[in-house]
Amino acid sequence: MHVMKHRISSISFMLVVCSSVLLWACGGEKDSGSNDDAETAAAHGDAEAEVNIPDGWTMAQIHEFSFAVPADWIADPESGLWYPGGENIPDGEYFTGLPEIHLHCGALPVMQGESVDERLKTMFTNTDPVSKTPVTRCSLSGYVQEVLDDRGSVRIVLTLVEDVGAGMSVINFFICSMPSAERDAYAGIFREILDTVHCK
C-alpha cells in the first residue's frame, strides 16, 4: 500500500512538472486582458474605428447592427423603416407606400449559384451606381453606393455581405432614399447615418 501511494505521488509530481514545462514553452499563462481578447474583438469587428454619434441623435437597432438617426425621426423597426418626422417631411409625400425620404434596413438572401453583384443590381431597378466605395463593418465587406434610379429617386446604400455557408450569402442593406430634388438637403444626413452603423 505504501508503494502504491508513493507511485501515485510520483505520477502527480510528474504531471505538475510536465504542465509547468508546457506552460513555459508556450509563453506562460495569459491574463484575461491579453492579446487573446484583442484577437477575439477583432474577429467580431469590435476593433474597428470608433463610431462618432452626432449630438442629439438617438440609437436604433436592426438585426445584429446598431446605428443612429436624428432624434425627431419616426421609427418603425418591425418594417425596418426610419424617416424624418415633424415638419421635416410634408404630408402626402409617399412613394410605393413609403415616405419618399426614408431609411429602409433589412437583409436579402443570395442563393447558391446567384451573383452578389447581380442581386445588388436588382435592388436598384437594374441601374448601375454613380459611385461605389468599399467598406468593412463588423468584419463584413461591402460598399456604400449612390444610385439614381429611373423613377427620379436618389439612393445612398450601405450593403454588407455575410457568407452563411453552402454557397449562400446574406446581403445586409441600409437603403437611404430621397427624391433627386431633396438630395442637397438629405444626402449629408444619410451619409452620417451610414457612418454610425456598427455591431451591437
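Details of the structure are given in the entry above.
Note that the coordinates shown come from a computational prediction; the quantities given were computed from them, not determined experimentally. (Residues numbered from 1 in each chain as written. Predicted model: local features only at pLDDT ≥ 70, side-chain atom pairs only at ≥ 80, totals over all residues. Heavy atoms only, no water.)

Q: Run through the overall build of the protein chain, naming residues and quoting values.
A: When its secondary structure is counted, the protein chain shows four helices and twelve strands. Looking at the protein chain alone, contacts between residues at least 24 apart form 49% of all its contacts between residues at least 6 apart. Of the roughly 12200 Å² of accessible surface on the protein chain, a fraction of 54% belongs to carbon and sulfur atoms. (Helix = DSSP H or I, 4+ residues; strand = E, 2+ residues; numbered from the N terminus. Contact = heavy atoms within 4.5 Å. Areas by Shrake-Rupley, 256 points an atom, 1.4 Å probe, with all protein chains shown as cover.)

Q: Any details on the pairing of strand β1 (residues 57–62)? Residues and values, ideally.
A: As paired strands, β1 and strand β2 (residues 65–70) are joined by six bridges and run antiparallel to one another. Within β2, the position partnered with Thr 58 by the bridge is Val 69. In this antiparallel pair of consecutive strands, β1 and β2, the connection spans two residues, and His 63 shows a positive phi of 55°. (Pairing = 2+ DSSP bridges.)

Q: Summarise unusual backbone geometry; cite the residues concerned and give the values.
A: Glycine aside, residues mostly have negative phi angles, and peptide bonds mostly take the trans form. Located in the positive-phi region is His 63, a residue other than glycine, with phi close to 55°. Since its relative accessible area comes to 44%, His 63 is described here as partly exposed. Although it is not a glycine, Ser 139 adopts a positive phi angle of roughly 65°. Residue position: Ser 139 is located in the loop between β8 (131–137) and β9 (140–148). (Buried < 20%, exposed > 50% of the residue type's maximum accessible area, 1.4 Å probe, protein only.)

Q: Explain the pattern of salt bridges to me, and be specific about the residues and the numbers.
A: Counted by the stated rule, this structure contains four salt bridges. The shortest N-O distance in the salt bridge between Arg 119 and Glu 114 comes to 3.8 Å. Note on Arg 119: relative accessible area 23%, which makes it partly exposed. A salt bridge links Glu 146 to Arg 191, with the nearest nitrogen and oxygen atoms 3.0 Å apart. On the criterion of sequence distance, the pair formed by Glu 146 in strand β9 and Arg 191 in helix α4 (residues 183–195) is long-range, its members being 45 residues apart. (Salt bridge = Lys/Arg side-chain N within 4 Å of Asp/Glu carboxyl O.)

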